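The residues making up each chain are set out below.
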Amino acid sequence: MVIRIDYTNVMAETIGERDGILREELLSFRHFVIETHARIQKEKERKFYFAKLPYQDTQEIKEFAKEISERFDYFVLIGIGGSSLGAQMLFESLKSINHNIYDRPKFFIMDNVDPDKFSSILEIIDIEKTCFNVVSKSGSTVETIANFAIVLDILKKRLGERWNEHLVFTTDPEKGFLKRFGEENNIKILHVPPKVGGRFSVLSPVGIFPAAVLGIDIDQLLEGAKKMDLVCSIEEHVEHNPAYLIAITHYIANMRRGKTISVMMPYSEKLSSFVDWYRQLWAESLGKDGLGQTPVKALGTVDQHSQIQLYRDGLRDKIITFIQVERRAEDFKIPDEIPEDIHYLSGHTLHEILNKELLGTKAALIKSKVPNITISMDKISPYNIGMLIYLYEMATGFSGYLYKINPFDQPAVEEGKNFTYALMGREGYSQKLEEFEELYKEKYKIEIQ
Ligand SMILES: O=P(O)(O)OC[C@H]1O[C@](O)(CO)[C@@H](O)[C@@H]1O
């Protein structure tokens, strides 16, 4: 199992000093890194508690997950943001493409409060054979609670007294509506460690329980994370510590070279939702006090035919991270007997074309002096995904020190939630409603009928 990080193309040596990073500049962070490294090691019992998760005992979770996967044909996760993106990423990267019609339980996510999505899931599942895992750290997120409330009603109507046997809650062990309701109604409750925030919780029961239900090897996942923790705990040198390297190169690119956008572009469909998970991590953690870098999702090769024009020739505001997979479980060869005009492709495989296209794209970006980093893994495996998850969690935590912000809170998200509560008529929000009416006007409009 191996992950490589090639940062040649962010260096000034490759793309020039206007857009690239000088080696001396990277090394000038030496003292900062040593100091911050020591602080992080101490913080692992507090703010950096996510770093403890790889070391948890998984026995109970695995046994319970086995029981659930044997009892049910459908497994529906109700949760949003950090309470669903991690599980979705694990499912899509480690399962989905191999998921066939015989695999069970079938997995669905109710994150949005979109009636079309809700009904499309209800149409497929059989309530009698479905387990609903309601995941919410706070136990109060509107979308999650709304979806849950409707599901609860359906369960009670369809299953009578057995309704609670179809529910598993994953929530804070100390507080919140889900904890109270779960305890009162004899519902199985899994715990989100109180010190771990949603977007850092994928390696807690938030992500590993659904993963285990779906047959993903969560021990290997945690082994990979442990390995990355070990490397990041030992290496104090920026050129040897992958998390600090990612954080510092992105920080210099952002704050000193004007790269306000961080594009992540895997050349793998399976890793597409890794980017969704990364987007929340990077955006909610670092977008503070007028600072931060906008994470953008792209997919190779598809977005070569949609975005690369802009990335090469538009505003010089981007740093790109490619993710490459070196080996695939399955590949397809283009046959020899194909029309003469397209014969140059014969004998090549789809995997080979994908990787050659990545090389071609990188060369084109170097030519336009667009900084880019490539993370390659030998194959998509739970171990490698575990490494990648921990790598980005640590890079994000470390970046908090660089930007001098707290990467573990999300105060700006609360405002919109509070206005929503007010609009929904929640008790205690009448002043918020007044503030909303003061702020929000629909004054300039065009209507076409
Ligand atoms: O797990 P919870 O408390 O339902 O929160 C879901 C998500 O909502 C947020 O608070 C943002 O609205 C995220 O930080 C979090 O991951």
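Residues numbered from 1 in each chain as written. Predicted model: local features only at pLDDT ≥ 70, side-chain atom pairs only at ≥ 80, totals over all residues. Heavy atoms only, no water.

Chemist: Describe the site of the ligand, listing the residues and the values that go with them.
Modeler: Not every one of the 14 residues close to the ligand is listed here, only the nearest: Gly 82, Ser 83, Ser 136, Ser 138 and Thr 141. One of the side-chain N or O atoms of Ser 83 is found 2.6 Å from an oxygen atom in the ligand. Summarising the interface, the protein chains cover 89% of the accessible area of the ligand, which totals 390 Å² for the free molecule. Going through the elements one at a time, α12 (272-286) and α16 (411-423) are the ones with two or more residues in the shell around the ligand. Looking at the shell around the ligand residue by residue, the classes come out as two nonpolar, nine polar and three charged. (Near = heavy atom within 4 Å. Polar contact = N/O pair within 3.5 Å; in protein donor to acceptor, adjacent residues only side chain to side chain. Areas by Shrake-Rupley, 256 points an atom, 1.4 Å probe, with all protein chains shown as cover. Helix = DSSP H or I, 4+ residues; strand = E, 2+ residues; numbered from the N terminus. Nonpolar A, V, L, I, M, F, W, Y, C, P; charged D, E, K, R; others polar.)

Chemist: I'd like to hear about the packing of aromatic side chains, residue by residue, with values.
Modeler: Taken as a whole, this structure holds 28 aromatic pairs when the rule is applied. A ring pair is formed by Phe 48 and Tyr 401, whose centres lie 6.1 Å apart and whose planes are at 20°; its orientation type is stacked. On the criterion of sequence distance, the pair formed by Phe 48 in the loop between α3 (30-43) and α4 (59-71) and Tyr 401 in helix α15 (residues 382-403) is long-range, its members being 353 residues apart. The exposure class assigned to Phe 48 is buried, which follows from its relative accessible area of 1%. Judged by centre distance (5.0 Å) and plane angle (65°), the rings of Phe 91 and Phe 107 are edge-to-face. Placement of the pair is Phe 91 in helix α5 (residues 85-94) and Phe 107 in strand β3 (residues 106-110), with a sequence separation of 16 residues. (Phe/Tyr/Trp six-rings, centres within 6.5 Å; stacked < 30°, edge-to-face > 60°. Buried < 20%, exposed > 50% of the residue type's maximum accessible area, 1.4 Å probe, protein only.)

Chemist: How would you sum up the environment of Leu 203? Please name residues and give values.
Modeler: Secondary-structure assignment places Leu 203 in the loop between β6 (188-191) and α9 (205-213). For the pair formed by Leu 203 and Tyr 55, sequence separation is 148 residues and the distance between their alpha carbons is 9.9 Å.

Chemist: So what's going on with the side chain of Arg 199? Residues and values would help.
Modeler: Tracing the sequence through the fold places Arg 199 in the loop between β6 and α9. In terms of polar contacts, Arg 199 uses its side chain to reach the backbone carbonyl oxygen of Pro 407, at 2.8 Å. Side chain to side chain, Arg 199 and Gln 410 meet in a polar contact 2.6 Å long. Sequence-distant contacts of Arg 199, defined by excluding residues within four places in its chain, comprise Gly 82, Trp 277, Gln 280, Leu 281, Glu 284, Ser 285, Lys 288, Glu 393, Pro 407, Phe 408, Asp 409 and Gln 410. (Contact = heavy atoms within 4.5 Å.)

Chemist: Lay out the sheet that holds strand β4 (residues 130-136) in plain terms, naming residues and giving numbers.
Modeler: Pairing in this open sheet of five strands is parallel, and the strands run β3-β2-β4-β5-β6 from one edge to the other. In the strand order of this sheet, the two ends are held by β3 and β6, each with one partner. Within this sheet the neighbouring strands show an average axis-to-axis angle of 20°, counted without direction. For β4 and strand β5 (residues 167-171), the ladder comprises five bridges, and the chain directions are parallel. Looking at β5, one finds that Ser 136 is bridged to Thr 171. Helix α7 (residues 142-159) contacts β2 (74-78), β3, β4 and β5 of the sheet and is inclined by roughly 155° relative to β4. (Pairing = 2+ DSSP bridges. Axes fitted to C-alpha atoms, helices over the stretch in contact; angles between N-to-C directions.)

Chemist: Before we move on, could you go through the sheet that holds strand β7 (residues 261-266) and cite the residues and values that matter?
Modeler: One open sheet accounts for five strands, arranged β1-β10-β9-β7-β8; its pairing is mixed. The open sheet is flanked by β1 (3-6) and β8 (294-297), the only strands paired with a single partner. Each adjacent strand pair in this sheet contributes to an overall mean axis angle of 20°, direction not counted. Two strands pair when backbone bridges link them, and β7 and β8 are joined in this way by four bridges, in the parallel orientation.

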